[in-house]
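# Secondary and tertiary structure notes
Here is how the chains run, residue by residue.
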Amino acid sequence: LAKTTQPISMDSYEGQEVNITCSHNNIATNDYITWYQQFPSQGPRFIIQGYKTKVTNEVASLFIPADRKSSTLSLPRVSLSDTAVYYCLVGPVEDYGQNFVFGPGTRLSVLP
Amino acid sequence: DTAVSQTPKYLVTQMGNDKSIKCEQNLGHDTMYWYKQDSKKFLKIMFSYNNKELIINETVPNRFSPKSPDKAHLNLHINSLELGDSAVYFCASSHLLAGGTDTQYFGPGTRLTVL
């Protein structure tokens, strides 16, 4: 089971780019990296997933170095509504949640 | 057209009672889950069902019993409720991304308060 480490909290201002780094030193060969976002009083929401290099979608970018021991979630030009907890998870294909361990996540506060 | 729905949203009950939380997904997913999020906000998986079969049963008291009548439903029954059962319970469902791992869709949660 790959353990992940993220900063507990981060502050940012509206319009800035936010980068949240997750460490997963013992990631396995068949593990993917997935990020979720959770707003207060809501369930987590999938943001992005990747295996290596860079992945980009309409919400965020995910940067994964060659050794895959860390990953960085990049949120461009954040707004107040991006205030949430962001979770980094690692797990293999078709694990049916066996390795879906949500840590404490990173609490991002976006200030005006 | 909610993807994953849970009922009730709030549940307040006395210790010792038996209660159920219902979950339904209309995404056509094969796998469904129950998670518990405690007061410290840690989200822990409790159960995982794939095609109506139990895949994961983490260290959860046997007072908790999931029931899956069909692939679209996974209900959670809790017997003899205790104070420590107070938490937010999330249902989720998932599908396999092409070339990737399961992506989970979560319901809105059920806040259970045991008095």
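Placed above this text is the structure.
Residues numbered from 1 in each chain as written. Chains lettered and ligands numbered in written order. Predicted model: local features only at pLDDT ≥ 70, side-chain atom pairs only at ≥ 80, totals over all residues. Heavy atoms only, no water.

What follows deals with the overall build of chain B. The secondary structure content of chain B amounts to zero helices and eleven strands. Reading the helices (α) and strands (β) of chain B from amino to carboxyl end gives β-β-β-β-β-β-β-β-β-β-β. Here the C-alpha radius of gyration of chain B, 14 Å, is about what a compact globule of 115 residues would show, namely 13 Å. Taken over the C-alpha atoms alone, chain B extends approximately 45 × 30 × 30 Å along its principal axes. (Helix = DSSP H or I, 4+ residues; strand = E, 2+ residues; numbered from the N terminus. Rg over C-alpha atoms; globule rule 2.2 N^0.38 Å.)

Moving on: the sheet that holds strand β1 (residues 4-7) of chain B. Residue and element names in this part refer to chain B. Across the sheet, which stays open at both edges, the four strands sit in the order β1-β3-β8-β7 with antiparallel pairing between neighbours. The open sheet has two free edges, formed respectively by β1 and β7 (64-70), since each of these has just one partner strand. Across the sheet, the axes of successive neighbouring strands diverge by a mean angle of 20°, strand direction being ignored. Where strand β3 (residues 19-25) lies against strand β8 (residues 73-78), four bridges are found, and the strand directions are antiparallel. By the bridge assignment, I21 is partnered in β8 with L76. (Pairing = 2+ DSSP bridges. Axes fitted to C-alpha atoms, helices over the stretch in contact; angles between N-to-C directions.)

A separate point is the packing of aromatic side chains. For the coordinates displayed, the defined rule picks out seven aromatic pairs over all chains. Summarising the aromatic geometry, the rings of Y32 of chain A and Y51 of chain A are spaced 5.1 Å apart at their centres and angled 55° between planes, so their arrangement reads as tilted. Of this pair, Y32 of chain A sits in strand β3 (residues 31-38) while Y51 of chain A sits in the loop between β4 (45-50) and β5 (53-56), placing them 19 residues apart in sequence. By relative accessible area, Y32 of chain A is classed as buried at 16%. Judged by centre distance (6.4 Å) and plane angle (80°), the ring pair of F90 of chain B and F106 of chain B falls under edge-to-face. (Phe/Tyr/Trp six-rings, centres within 6.5 Å; stacked < 30°, edge-to-face > 60°. Buried < 20%, exposed > 50% of the residue type's maximum accessible area, 1.4 Å probe, protein only.)

Turning next to a positive patch on the surface. A cluster of basic residues, R107 of chain A together with K9, K41 and R111 of chain B, forms a positive patch on the protein surface. Checked against the element boundaries, R111 of chain B lands in strand β11 (residues 110-114). Residue classification places R111 of chain B among the partly exposed residues on the basis of a relative accessible area of 38%. (Patch = residues over 30% accessible without salt bridge, like charges linked within 9 Å, V, L, I, M, F, W, Y side chains within 5 Å. Areas by Shrake-Rupley, 256 points an atom, 1.4 Å probe, with all protein chains shown as cover. Salt bridge = Lys/Arg side-chain N within 4 Å of Asp/Glu carboxyl O. Lys, Arg positive; Asp, Glu negative; His and termini not counted. Charge placed at Lys NZ, Arg CZ, Asp CG, Glu CD.)

To continue, consider the state of the cysteines. Here the structure, examined in full by the defined rule, presents two disulfides over all chains. Across a sulfur-sulfur distance of 2.2 Å, C22 of chain A and C88 of chain A are joined as a disulfide pair. The S-S bond linking C22 of chain A to C88 of chain A shows a torsion near -80°; that makes this disulfide left-handed. Of this pair, C22 of chain A sits in strand β2 (residues 18-23) while C88 of chain A sits in strand β8 (residues 84-92); the two residues are 66 residues apart in sequence, bridging distant segments of the chain. Between the sulfur of C23 of chain B and that of C91 of chain B lies a disulfide, 1.8 Å long from S to S. Disulfide C23 of chain B-C91 of chain B: the torsion about the S-S bond is -75°, which places it as left-handed. Of this pair, C23 of chain B sits in strand β3 while C91 of chain B sits in strand β9 (residues 87-96); the two residues are 68 residues apart in sequence, bridging distant segments of the chain. Grouping residues by exposure puts C23 of chain B and C91 of chain B together as buried. (Disulfide = S-S within 2.5 Å.)

What follows is about the pattern of salt bridges. This structure, assessed with the given rule, holds three salt bridges over all chains. Because the salt bridges share partners, they merge into one network encompassing R63, E82 and D85 of chain B.

Quick look at the pairing of strand β5 (residues 43-50) of chain B now. Residue and element names in this part refer to chain B. Judged by how many residues are buried, β5 sits mostly within the fold: seven of eight residues are covered. As paired strands, strand β4 (residues 31-37) and β5 are joined by seven bridges and run antiparallel to one another. By the bridge assignment for β5, Y33 is matched with S48. Counting the residues that bridge the hairpin from β4 to β5 gives five residues, and of these K41 lies at a positive phi of roughly 75°.

Among the secondary structure elements, Q25 of chain B is positioned in strand β3. Once you skip the residues sitting within four places of it in the chain, Q25 of chain B turns out to touch A3, V4, M32, K71, A72 and S93 of chain B. (Contact = heavy atoms within 4.5 Å.)

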